[in-house]
Amino acid sequence: MTDLSQARQALKQHFGYEAFRPGQEGVVEAILGCRDALAVMPTGAGKSVCYQVPGVVMDGLALVVSPLVSLMGDQVRALLDAGIRGAYLNSTLTPGQQSTVLRRALDGAYQIMYVAPERLADPRFLEFAQRAAIPLVAVDEAHCVSQWGQDFRPSYLTIGDFIAQLPSRPVVAAFTATATARVRADIVRLLDLRDPYEVVTGFDRPNLYFGVERLDPKRKIARIAGYALEHAGDSGIVYCSTRKDTDKVHAALLEAGIRAARYHAGMSAADRAESQRAFIADDAPVMVATNAFGMGIDKSNVRYVIHHNMPGSIEAYYQEAGRAGRDGEPSTCLLYWSDGDVSTCRFFIEQESGNEELTPEEADAVRASRRRLLAAMTGYCHTTGCLRCYILEYFGEQQVPSACQPTERADAAEASGTESCGSKSFSRPEGRHLGLSPQSSAPEASSLTLRTTGDRGFSCGNCSNCAGEFESMDVTDTALAVMRCVQELRGRFGKGMVVDVLRGSQNAKLLDMHLDEAACYDTVNAPAAQVKEVIELLAAGGYLLITEGTYPVVGLGPRAREAAEEGFSLSMKRVLRKPERTRSAAGGSHVFGSSGAPANDADPELFERLRTLRKRLADEAGKPPYIVFSDAALRDMCAKRPATDEEFLEVSGVGATKLARYGEAFLSEIAEFEQGLANGR
Ligand code: ADP
Ligand code: ZN
């Protein structure tokens, strides 16, 4: 039998899956063929399978290096539940337990062992590793090795040394969900990957619905509570930017009768652990948290992620939102934002002295880079184009989702490498496409080109913009007036003053400074809120630059000159109707197929019964429910309604071990349900 067919058999037997996903197979094949590998795949793509299956097939002990100590217990439980002999070694174990694990490992008791990177520098562990047969070292979250990544961990730098000290070099495979070209190069170099097989799969997550809505801060909580109530029983995460907001939203949800947990760095370790436990066990289906929560979570049945505030970058947003729908089932990602969120982000960028080890020049470069990340994020909030396309193009993805029609690649700014700062879709379809390229000082050197198109040229059919929940309004004239005004005022004033001057206000300060004599005074006849939004749009596109400090001012941005060129145009979003309604119709029901996925035979009542059964069995066994079965597996059961063991094995996500463990309980629940139906007819 070839290695690959052995691998496929292991996939079926342990994980219950018929085939590898695109991307997985190549990695597995490379590893089994003793070639190093680097896999860049988005969250939910199935990275674990890429090293777990070879770990099972290869002789000896596969080591998995992971920074997520809190996750290891669950990961190993999932392995055991799939009939794979797994173990972990980290500081949560007592010294006695650690010795036992090492001793048993030398006896060949395990196929896969998770270790924290710090462990590799421990002489005792090295001694163990030199005696054990280790065919594979898999490095999870491999971007942690790079200082250019968001999550640099110095301990990752010891991995290379560790491997070099092993008597025979194992295959080394690195995995990450976020990697620009620069980080990728670091991974290869610092982990000393040898001629690695590289795969970068698409970053598209077709099962995720993306929605953006600008909301008055006062209305956000009610909307979130409404959503959670409407989707009661579904698991969701609500991200807030501050601890205070987290507490507020959490209290409001509890008051609304939603079983919500709470997580932020201001809570005690014990409280945080309990919150996390309750969330994972589905005792508290909703988690309200700051971004401190999530790194250690691979709960697959998170059905929605709502952002109560706008994060500071698309990277952060996509990572957090991407925690929804890891099981591939339709899930929803909503971003509620307000102007205040943007100012808060700006404030932090300007205030943060950040890392004290940085020289002033380095600190400047970091700030410039973070301003650029922020501009791209606000661009996402403002864009009138497809949200999915916006994200994918941000990550430099060549192909756009299949439903989207590509337009021409961006323009001169990209070709010439002009310094520029953010982009979005505010040109008309016939107009110029706006592009941007990263500054040379940017830490992330990958392409930041955003190919954009005005109005709704693209359509993924599964985002709030494609669903046409707004209309766009041409504000080119206002935009040009704003540009002229900022130029005339020479970047010395804040947003409010620019608006006042343009609208011909009589405010005393303005008159004191004789700004009523400016050429641009009283040249715009539009509501103040609208002019403000145009300013934000221009800032998001890099035409203006807003600094937020003690005296926030509006100045010209790196792309200011382009606004003066012919063909420049700007349009702005105006919400037409409440997105929730459309969404419920388009992608809200997670039991029935939603947009994109054809409806199947999943009966909501049966799904609910199976979900309850899963929860009971999980509680009895002291495991998280999603480890027993994913939502996807439950739904496939609803669709197939198996009556025999053989039929049960046909369900995606059911392997031999799961059949033995849970087959009887689920089969009889399904039979009972069918019986009830028959009697009722
Ligand atoms: P990642 O680590 O890339 O975020 P996971 O390894 O957690 O992703 O996998 C995400 C989900 O996809 C899990 O529920 C996993 O069981 C499922 N999965 C992985 N590989 C396959 C496959 N070949 N077919 C079907 N489902 C799969
Ligand atoms: Zn779309």
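That block above? That's the structure.
Residues numbered from 1 in each chain as written. Chains lettered and ligands numbered in written order. Predicted model: local features only at pLDDT ≥ 70, side-chain atom pairs only at ≥ 80, totals over all residues. Heavy atoms only, no water.

Time to look at the site of ligand 1. As a structural note, the neighbourhood of ligand 1 is formed by 14 residues, with Tyr17, Ala19, Gly44, Ser48 and Arg326 the closest of them. Between an oxygen atom of ligand 1 and a main-chain N or O atom of Ala45, the distance comes to 3.4 Å. Measuring from an oxygen atom of ligand 1, one finds a backbone N or O atom of Gly46 at 3.0 Å. Among the elements that line the shell around ligand 1, the one with the most residues is helix α3 (residues 47–57), at 3 residues. Looking at the shell around ligand 1, its residues break down into 6 nonpolar, 5 polar and 3 charged. (Near = heavy atom within 4 Å. Polar contact = N/O pair within 3.5 Å; in protein donor to acceptor, adjacent residues only side chain to side chain. Helix = DSSP H or I, 4+ residues; strand = E, 2+ residues; numbered from the N terminus. Nonpolar A, V, L, I, M, F, W, Y, C, P; charged D, E, K, R; others polar.)

Moving on, we get to the coordination of the zinc ion (ligand 2). Within the protein, Cys386 (SG), Cys460 (SG), Cys463 (SG) and Cys466 (SG) serve as the donor atoms for the zinc ion (ligand 2), at 2.3 to 2.4 Å. Read in sequence order, the donor residues for the zinc ion (ligand 2) give the motif C-x73-C-x2-C-x2-C. One exposure class covers both Cys460 and Cys466, and it is buried. (Donors = N, O, S within 2.8 Å, 3.2 Å for Na, K, Ca; no water. Buried < 20%, exposed > 50% of the residue type's maximum accessible area, 1.4 Å probe, protein only.)

Once that is clear, we can look at a negative patch on the surface. Together, Asp645, Glu646, Glu647, Glu650 and Glu664 make up a negatively charged patch on the protein surface. Among the elements that line the negative patch, the one with the most residues is helix α26 (residues 645–650), at 4 residues. Along the polypeptide, Glu647 turns up in helix α26. (Patch = residues over 30% accessible without salt bridge, like charges linked within 9 Å, V, L, I, M, F, W, Y side chains within 5 Å. Areas by Shrake-Rupley, 256 points an atom, 1.4 Å probe, with all protein chains shown as cover. Salt bridge = Lys/Arg side-chain N within 4 Å of Asp/Glu carboxyl O. Lys, Arg positive; Asp, Glu negative; His and termini not counted. Charge placed at Lys NZ, Arg CZ, Asp CG, Glu CD.)

This next bit is on the nonpolar core. Grouped together as the largest cluster of nonpolar side chains are 86 residues, with contacts concentrated most on Met113, Phe125, Phe210 and Tyr380. Two domains each provide a minimum of three residues to this core, namely domain 1 (2–198) and domain 2 (206–393). Once residues within four sequence positions are removed from consideration, Tyr380 is found in contact with Phe210, Val212, Ile314, Tyr317, Leu335, Leu387, Tyr390 and Ile391. (Core = buried A, V, L, I, M, F, W, Y, C linked by side-chain atoms within 4.5 Å. Domains from an automatic or database assignment. Contact = heavy atoms within 4.5 Å.)

Helix α10 (residues 243–255) packs onto helix α9 (residues 217–230) with a crossing angle of 45 degrees between their chain directions and a minimal axis gap of 10 Å. In this view, α9 runs oblique relative to α10, as classed from their interaxial angle. Viewed along their axes, α9 and α10 form a crossing whose handedness is right-handed. Of the residues in α10, those in contact with Ile221, Ile224 and Ala225 of α9 are Lys248, Val249, Ala252 and Leu253. When the residues that make up the contact of α9 with α10 are grouped by side-chain class, the tally is 6 nonpolar, no polar and 1 charged. (Axes fitted to C-alpha atoms, helices over the stretch in contact; angles between N-to-C directions. Parallel < 35°, antiparallel > 145°, perpendicular 65-115°, else oblique. Left-handed = near helix turned anticlockwise from the far one by under 90°.)

All right, on to the sheet that holds strand β5 (residues 136–139) then. The 7 strands are arranged β3-β4-β2-β5-β6-β1-β7 in an open sheet whose pairing can be described as parallel. Looking at which strands have only one partner, the edges of the open sheet turn out to be β3 (86–89) and β7 (197–200). Each neighbouring strand pair of the sheet contributes to a mean axis angle of 15 degrees, computed without reference to strand direction. Pairing between strand β2 (residues 62–65) and β5: 3 bridges, direction parallel. Bridging from a neighbouring strand, Val65 pairs with Val139 of β5. Across the sheet, α3 touches β2, β4 (112–115), β5 and β6 (171–176), and the angle it forms with β4 is around 130 degrees. (Pairing = 2+ DSSP bridges.)

Note that Lys220 resides in helix α9. Using a relative accessible area of 1% as the deciding quantity, one classes Lys220 as buried. When residues no more than four places from it in sequence are discounted, the contact partners of Lys220 are Leu215, His308, Asn309, Tyr336, Trp337, Ser338 and Asp341. One polar contact links the side chain of Lys220 to the main-chain carbonyl oxygen of His308, over a distance of 2.7 Å.

Relative to the 36 Å expected for 25 residues at 1.5 Å per residue, helix α27 (residues 656–680) spans 34 Å between its end C-alpha atoms, a close match to the ideal helical length. Of all bends in α27, the biggest is about 65 degrees, found at Tyr662. Taken together, the buried positions of α27 are occupied by Thr657, Lys658, Leu659, Tyr662, Gly663, Phe666, Leu667, Glu669, Ile670 and Phe673. Along its buried surface, α27 packs onto α1 (3–15), α4 (69–81), α23 (604–621), α24 (625–628), α25 (631–640) and α26. (Expected span 1.5 Å × (residues − 1). Bend = angle between axes of the 7 residues up to and from the residue.)

Further remarks concern helix α12 (residues 314–321). Along α12, 7 of the 8 residues are buried, which leaves the element largely enclosed by surrounding structure. For α12, the set of buried residues is Ile314, Glu315, Ala316, Tyr317, Tyr318, Glu320 and Ala321. Its buried side turned inward, α12 meets β8 (208–214), β9 (235–239), β12 (302–307), β13 (331–337), α14 (360–382) and α15 (387–394).

Looking now at the sheet that holds β13. Strand pairing in a sheet relies on backbone hydrogen bonds, with the paired strands running either antiparallel or parallel. Taken together, the 6 strands give an open sheet; going across it, the order is β8-β13-β12-β9-β11-β10, and neighbouring strands pair in parallel fashion. Two strands lie at the open edges of the sheet, namely β8 and β10 (260–263), each paired on one side alone. Averaged over all pairs of adjacent strands, the angle between strand axes in this sheet comes to 15 degrees, irrespective of strand direction. In this sheet, strand β11 (residues 286–289) lies alongside β10 in parallel orientation, the contact comprising 4 bridges.

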